[in-house]
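Each chain, written out:
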Amino acid sequence: QKHELPTFLAKSAAFLFPTRFDIWGLVLVEAMAAGIPCFASPYAGATADLIQEDQTGFVADFTQAKGVAATLNALLDQPNLRIKIGRQAAQYIAENANLSVSAAGFVRALGL
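Residues numbered from 1 in each chain as written. Predicted model: local features only at pLDDT ≥ 70, side-chain atom pairs only at ≥ 80, totals over all residues. Heavy atoms only, no water.

Asker: Would you mind going over a nonpolar patch on the surface with me for this structure?
Answerer: A grouping of F21, I23, W24 and L26 is seen on the molecular surface, where their side chains present a nonpolar patch of about 490 Å² in accessible area. Relative to the elements of secondary structure, F21 occurs in the loop between β1 (15-17) and α2 (26-33). (Patch = residues over 30% accessible without salt bridge, like charges linked within 9 Å, V, L, I, M, F, W, Y side chains within 5 Å. Areas by Shrake-Rupley, 256 points an atom, 1.4 Å probe, with all protein chains shown as cover. Salt bridge = Lys/Arg side-chain N within 4 Å of Asp/Glu carboxyl O. Helix = DSSP H or I, 4+ residues; strand = E, 2+ residues; numbered from the N terminus.)

Asker: Looking at this structure, how should I read the nonpolar core?
Answerer: Counting 17 residues, the largest nonpolar core has F15, L28, M32, C38, L50 and I51 as its most contacted members. Elements supplying a minimum of two residues to this core: β1, α2, β2 (38-40), α3 (45-50) and α5 (79-96). The dominant element in this core, judged by the number of residues it contributes, is α2, at 4 residues. In this structure F15 touches V27, L28, A31, I36, P37, C38 and F39, once residues within four positions along its chain are discounted. If you look at the next biggest cluster of nonpolar residues, it comprises 8 residues, including A14, A60, L75 and I85. (Core = buried A, V, L, I, M, F, W, Y, C linked by side-chain atoms within 4.5 Å. Buried < 20%, exposed > 50% of the residue type's maximum accessible area, 1.4 Å probe, protein only. Contact = heavy atoms within 4.5 Å.)

Asker: Is there a simple way to explain the environment of P6 in this structure?
Answerer: Mapping P6 onto the fold places it in helix α1 (residues 5-10). With relative accessibility at 52%, the residue P6 sits in the exposed group.

Asker: How should the sheet that holds β1 be read in this particular structure?
Answerer: In space, the 3 strands of this open sheet follow the order β1-β2-β3, with parallel pairing throughout. In this open sheet, the two strands that pair with only one neighbour each are β1 and β3 (57-59). The average undirected angle you get between the axes of adjacent strands in this sheet is 10°. Pairing analysis gives 3 bridges linking β2 to β3, with the strands arranged parallel. Pairing of F39 across the sheet is with F58, part of β3. In the packing of helix α4 (residues 65-76) onto the sheet, the strands contacted are β1, β2 and β3, and the crossing angle to β2 comes to about 170°. (Pairing = 2+ DSSP bridges. Axes fitted to C-alpha atoms, helices over the stretch in contact; angles between N-to-C directions.)

See below:
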């Protein structure tokens, strides 16, 4: 349920978003805003806009499970790196995907 989301995110070491198709992927924004390193499918619209490889998360081809698992295990073995990427993800969302930035984008798109 929606009210439980912050509790689960707070307990998470990483977020995996293995979608095969998603126009945007708000859940990715939510996880990044919570400071969680994310592994996002290249088929999510948000991935190209939000994931900066090894900085705010990872673009993950989930059809290559061994590669994803190796990267995830390496991240889990390095708590300081995991925290750093999570903080960078949260900062990126705060600066680039906040309500003001999003509204300004809509206004530009509408030519107003």
